[in-house]
Amino acid sequence: MNTIISEYGSDIMSSERFLHAYDITHHYKSCVAEHSLHVADQACRITGWLNSHGFHVSYEDVVRGSLLHDIGMTDTNVSECYPWVKVYVHPRHSSAIAENEFRENPVVQNTVRWHMWPICLIPPRHIPGWIVIAADKICSFKEIAA
Ligand SMILES: [Fe+2]
Ligand SMILES: [Fe+2]
């Protein structure tokens with residue numbers, strides 16, 4: 001386990017909500033929890049690269065946004081939707097959970113809410129949002145192709 005992920009995300013990873021995400025299948029052979037951990041790891045690598053090139057991106061925002069970006073899939077009324085409906089509705093559920101259950105700051109909320117860009121038409125407002133989008137796409141392709 002990437003130590004940055006444990007440093008900033010241990011409360012999320014040990015929460016009942018996240019543990020339930022191990023039961024939700026995602027990308028055929030993965031689950032929401034494992035996918036989110038892959039995204040957090042990939043997003044930390046991207047953040048490390050950016051920060052070594054003059055950026056000052058918050059690892060905390062990146063880790064928490066990654067771990068929570070698909071957490072809305074654990075809501076029963078999302079997990080039981082048709083896949084194409086799920087694509088559109090899960091970010092709204094994820095950001096509501098980020099705000100109401102984990103009290104995330106506006107950067108993390110925005111990162112989670114708009115992580116499906118360009119499928120959702122509104123892009124994220126902050127760099128962690130763009131990092132999570134990139135990491136999510138890379139990990140999703142890898143998981144689907146595995
Ligand atoms: Fe997603
Ligand atoms: Fe995802």
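Structure shown above.
Quick caveat: nothing in here was measured; it's all calculated off a predicted structure.

The rules behind the values
Residues numbered from 1 in each chain as written. Chains lettered and ligands numbered in written order. Predicted model: local features only at pLDDT ≥ 70, side-chain atom pairs only at ≥ 80, totals over all residues. Heavy atoms only, no water. Donors = N, O, S within 2.8 Å, 3.2 Å for Na, K, Ca; no water. Helix = DSSP H or I, 4+ residues; strand = E, 2+ residues; numbered from the N terminus. Buried < 20%, exposed > 50% of the residue type's maximum accessible area, 1.4 Å probe, protein only. Tetrahedral: all angles 85-135°; square planar, octahedral: opposite > 155°, others 65-115°. Core = buried A, V, L, I, M, F, W, Y, C linked by side-chain atoms within 4.5 Å. Polar contact = N/O pair within 3.5 Å; in protein donor to acceptor, adjacent residues only side chain to side chain. Contact = heavy atoms within 4.5 Å. Phe/Tyr/Trp six-rings, centres within 6.5 Å; stacked < 30°, edge-to-face > 60°. Lys NZ or Arg CZ within 6 Å of the ring centre and 35° of its normal.

### Remarks on the coordination of the iron ion (ligand 1)
Inference 1: Taken together, Asp-70 (OD), His-90 (NE2) and His-115 (NE2) make up the protein donors of the iron ion (ligand 1), found 2.1 to 2.2 Å from the metal.
Inference 2: Read from N- to C-terminus, the donor residues coordinating the iron ion (ligand 1) fall into the pattern D-x19-H-x24-H.
Inference 3: A spacing of 3.6 Å is found between the iron ion (ligand 1) and the iron ion (ligand 2), which share Asp-70 as a donor. Taken together, the residues His-90 in helix 6 (residues 83-100) and His-115 in the loop between helix 7 (106-113) and helix 8 (127-145) connect sequence positions 25 residues apart. Each member of the pair, His-90 as well as His-115, carries the same accessibility label: buried.

### Points about the coordination of the iron ion (ligand 2)
Inference 1: The protein atoms that coordinate the iron ion (ligand 2) are His-35 (NE2), His-69 (NE2), Asp-70 (OD) and Asp-136 (OD), at distances spanning 2.2 Å.
Inference 2: Considering all four donor atoms around the iron ion (ligand 2), the spread of angles at the metal, 82 to 176 degrees, places the coordination shape in the irregular class.
Inference 3: Taken in chain order, the donor set of the iron ion (ligand 2) reads H-x33-H-D-x65-D.
Inference 4: Given the relative accessible area of 0%, His-69 is considered buried.

### Considerations on the nonpolar core
Inference 1: Ile-5, Phe-18, Leu-67 and Leu-68 are the most contacted members of the largest nonpolar core, which totals 22 residues.
Inference 2: A total of five residues in this core trace back to one element, the largest contributor, which is helix 3 (residues 32-51).
Inference 3: Core analysis: the next-biggest nonpolar cluster, separate from the first, contains nine residues, Val-39, Val-132, Ala-135 and Cys-139 among them.

### Concerning the side chain of Asp-75
Inference 1: Assignment of secondary structure puts Asp-75 in the loop between helix 4 (59-68) and helix 5 (76-79).
Inference 2: Under the relative-accessibility criterion, Asp-75 is labelled buried at 18%.
Inference 3: Looking at Asp-75, its side chain comes within polar contact range of the side chain of Arg-17, at 2.9 Å.
Inference 4: Setting aside residues no more than four positions away along its own chain, Asp-75 makes contact with Arg-17, His-93 and Ile-97.

### Observations concerning the environment of Ile-71
Inference 1: Considering the arrangement of structural elements, one finds Ile-71 in the loop between helix 4 and helix 5.
Inference 2: Taking C-alpha positions, Ile-71 is 19 Å from Tyr-59, a pair spaced 12 residues apart along the chain.
Inference 3: Apart from residues lying up to four places away in sequence, Ile-71 is in contact with Arg-17, Phe-18, Ala-21, Ser-94 and Ile-97.

### What about the packing of aromatic side chains?
Inference 1: A complete count under the given rule lists two aromatic pairs for this structure.
Inference 2: Aromatic pair Phe-18 and Tyr-22: ring centres 6.0 Å apart, planes at 85 degrees, arrangement edge-to-face.
Inference 3: With relative accessibility at 1%, the residue Phe-18 sits in the buried group.
Inference 4: Accessibility expressed as a relative area gives 38% for Tyr-22, which makes it partly exposed.
Inference 5: Ring centres 5.0 Å apart and planes at 75 degrees place the aromatic pair Trp-117 and Trp-130 in the edge-to-face group. Placement of Trp-117 in the loop between helix 7 and helix 8 and of Trp-130 in helix 8 is noted, with a sequence separation of 13 residues between them.
Inference 6: Its relative accessible area of 30% is what places Trp-117 among the partly exposed residues.
Inference 7: Directly above the aromatic system of Trp-114 lies the positively charged group of Arg-113, at a separation of 4.1 Å from the ring centroid.

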